[in-house]
Amino acid sequence: MAGHIPPTMRALMLHRFEGPLELEEIPVPAPSAGEVLLRVHACAVDQFDLTIRAGKRSNARVPLVLGHEIAGEVAGFGRGVEGWEPGDRVASTLYLTCGECRRCRSGRETICERFGGYVGIETPGGYAEYTTVPAANLVRLPESIGYVEGSVLANAVGTPFHAFTKRMRLQPAERLLITGAGGGVGIHAVQLARAMGALVMAADLGSAKLDAARRYGAHVAVDPTVEDLAEAARRWTEGAGVDAVLELVGPDTMPHSIASLGRGGRVVVVGSHTGRDLTLDLHALFANEWEILGSRNVSKEELADVVRLAADGRITPVVEGGYRLGDAEELHRRVAGGEVIGRVVIEP
Ligand SMILES: [Zn+2]
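Definitions and limits used
Residues numbered from 1 in each chain as written. Predicted model: local features only at pLDDT ≥ 70, side-chain atom pairs only at ≥ 80, totals over all residues. Heavy atoms only, no water. Helix = DSSP H or I, 4+ residues; strand = E, 2+ residues; numbered from the N terminus. Rg over C-alpha atoms; globule rule 2.2 N^0.38 Å. Buried < 20%, exposed > 50% of the residue type's maximum accessible area, 1.4 Å probe, protein only. Contact = heavy atoms within 4.5 Å. Areas by Shrake-Rupley, 256 points an atom, 1.4 Å probe, with all protein chains shown as cover. Lys, Arg positive; Asp, Glu negative; His and termini not counted. Charge placed at Lys NZ, Arg CZ, Asp CG, Glu CD. Donors = N, O, S within 2.8 Å, 3.2 Å for Na, K, Ca; no water. Tetrahedral: all angles 85-135°; square planar, octahedral: opposite > 155°, others 65-115°. Polar contact = N/O pair within 3.5 Å; in protein donor to acceptor, adjacent residues only side chain to side chain. Phe/Tyr/Trp six-rings, centres within 6.5 Å; stacked < 30°, edge-to-face > 60°. Arc of directions from axis to C-beta. Pairing = 2+ DSSP bridges. Axes fitted to C-alpha atoms, helices over the stretch in contact; angles between N-to-C directions.

All right, on to the overall build of the protein then. The helix and strand inventory of the protein stands at 11 helices and 15 strands. Here the C-alpha atoms of the protein give a radius of gyration of 20 Å, agreeing with the 20 Å that 2.2 N^0.38 yields for 348 residues. By its C-alpha atoms, the protein is 65 × 40 × 35 Å across when sized along the principal axes. Looking at the protein as a whole, 55% of its 348 residues qualify as buried. A sequence separation of at least 24 residues applies to 69% of the contacts in the protein between residues at least 6 apart. When the accessible surface of the protein is summed, it comes to about 14,900 Å², and 49% of that surface belongs to carbon and sulfur atoms. Distance between charge centres in the protein, computed from 36 positive and 44 negative side chains, equals 4 Å.

Written out as structure tokens, the structure reads:
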């Protein structure tokens with residue numbers, strides 16, 4: 001149970017962009033109307049945290065508590081919150097959505113027309129012992145899923161789930177290329193694609209990530225700095241090209257992803273941390289009837305399916321917990337250096 005709520009808590013504060021994360025004792029936040037106070041038990045470190053910290057998100061304001069992959073227990077409520085009890089085990093989604101627009105009402109809240117931003121930017125994040133999130137963002141965690149595992153379901157697992165099921169419409173026996181396959185989203189994408197019956201070629205940098213991708217189900221793994229990715233994809237498919245690509249990297253790999261496509265192939269772009277711009281051969285696009293689609297995060301409804309997959313053991317969250325708030329600097333260095341397979345998780 002959540003028990004007594006102290007007046008103050010430890011939190012990692014970012015006072016200036018590109019500055020240090022400072023461990024401080026600050027007041028426990030009071031939940032506003034519609035919000036829940038969470039005792040944070042786990043908060044995963046995402047590449048996106050580093051982007052925010054570097055001041056590359058124009059809507060971010062300091063001082064700020066980072067962290068948007070959060071699991072914990074309900075400890076208190078603002079006005080008008082119903083359906084939750086103190087001690088309920090939950091994970092939180094990261095998008096602040098209106099719940100009322102036509103996108104929200106049709107289960108596509110990740111493209112909410114009155115999108116309010118992100119947990120960990122517009123509201124305080126989970127690099128703290130307590131945080132507040134909208135009750136609408138909570139999803140229940142069964143006892144069989146630990147907090148560390150539960151913290152990554154809404155983003156690192158939910159993102160490829162939405163991409164595969166709703167956007168790519170991945171089919172059994174299709175040949176799929178995943179770029180960035182050893183990272184936090186990628187390693188879960190590999191598992192989900194295998195669970196859906198696809199054949200998987202993984203691309204990432206370095207043998208550790210490629211070994212991990214193979215361990216979690218990739219049939220083939222390629223380092224695009226060692227081997228030409230499109231050539232490897234053609235060879236793997238006897239010249240036909242892949243049916244689909246999950247693009248997690250951006251301009252560094254996207255031209256190779258497109259060059260790997262067979263006729264009628266589709267690319268779903270889920271991330272682009274290496275930049276934003278792309279030159280596209282429009283003739284090749286229409287002549288091959290390629291589809292290039294965007295996908296972001298996961299809906300609450302889909303997330304319930306993701307939680308079930310994890311509870312049933314069909315997906316294994318690839319997480320490394322046991323870290324404290326004071327370890328965050330080291331964890332950010334490891335994520336920046338591309339050294340993390342899956343997710344590292346702080347347990348405040
Ligand atoms: Zn909306």
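All right, on to the coordination of the zinc ion then. Octahedral metal centres with six donors ideally show angles of 90 or 180 degrees, and tetrahedral centres with four donors ideally show 109.5 degrees. At 2.3 to 2.4 Å from the zinc ion lie its protein donor atoms, namely C98 (SG), C101 (SG), C104 (SG) and C112 (SG). Considering all 4 donor atoms around the zinc ion, angles at the metal cover 104 to 116° and the coordination shape is tetrahedral. Between the donor residues of the zinc ion, the gaps in sequence give the motif C-x2-C-x2-C-x7-C. Of the residues examined, C104 reaches a relative accessible area of 13% and is grouped as buried.

This brings us to the environment of R334. The residue R334 is located in helix α11 (residues 328-336) in this model. Sequence-wise, R334 and V344 are 10 residues apart; in three dimensions their C-alpha atoms are separated by 9.2 Å. For R334, the contacting residues outside a window of four places in its chain are E320, Y323, E339, V340 and V344. Engagement of the side chain of R334 in a polar contact is seen with the side chain of Y323, the distance being 3.0 Å.

Turning our eyes to something else, we now look at the packing of aromatic side chains. Overall, the coordinates contain 4 aromatic pairs when judged by the stated rule. Aromatic pair F48 and Y118: ring centres 5.2 Å apart, planes at 65°, arrangement edge-to-face. Placement of F48 in helix α1 (residues 47-53) and of Y118 in the loop between α2 (102-105) and β6 (130-134) is noted, with a sequence separation of 70 residues between them. For the pair F48 and Y118, a shared accessibility class is recorded, and that class is buried. Looking at Y118, the relative accessible area reads 8%, which means it is buried. Grouping aromatic residues by their ring pairs yields a cluster made of F48, Y95, F115 and Y118.

The next thing to look at is the side chain of T159. Note that T159 resides in helix α4 (residues 153-168). Taking the relative accessible area as the measure of exposure, T159 reaches 5% and is therefore buried. Look past the residues within four positions of T159 in its chain and what remains in contact with it is A154, V185, V270, N297 and V298.

Take unusual backbone geometry next. A cis amide bond links V62 with the next residue in sequence, P63, at an omega value of -5°. Of note, the phi angle at A173 is positive, near 70°, even though the residue is not glycine. Inspection of the secondary structure assignment puts A173 in the loop between α4 and β8 (175-179). Assessed through its relative accessible area of 55%, A173 is described here as exposed. The phi angle at E289 is positive, at roughly 50°, despite the residue not being glycine. Looking at the element boundaries, E289 is found in the loop between α9 (282-287) and β13 (291-294).

Right, let's talk about α11 for a bit. Of all the residues in α11, the buried ones are A328, L331, H332, R334 and V335. Angularly, the buried residues of α11 cover 160° about the axis, an arc narrow enough to put them on a single face. Relative to its buried face, α11 has exposed residues pointing more than 90 degrees away, namely R333 and A336. Summarising the contacts, the buried residues of α11 are in contact with β1 (8-14), β2 (21-27), α1, β14 (319-323) and β15 (343-346).

Below, the discussion takes up the sheet that holds β8. Read from one edge to the other, the open sheet built from 6 strands follows the order β10-β9-β8-β11-β12-β13, with strand pairing classed as parallel. Each edge of the open sheet carries a strand with a single partner, namely β10 (220-222) and β13. Pairwise comparison of adjacent strand axes, ignoring direction, gives a mean angle of 20° for this sheet. One ladder, built from 3 bridges, connects β8 with strand β11 (residues 242-247); its direction is parallel. When the bridges of β11 are listed, L177 appears paired with V245. Taken strand by strand, α4 contacts β8, β11, β12 (261-269) and β13, and its axis lies near 140° from that of β11.

Once that is clear, we can look at the environment of A284. Here A284 lies in helix α9. Using a relative accessible area of 15% as the deciding quantity, one classes A284 as buried. In the structure, A284 is positioned 21 residues away from R263 in sequence and 9.6 Å away in space, judged by C-alpha atoms.

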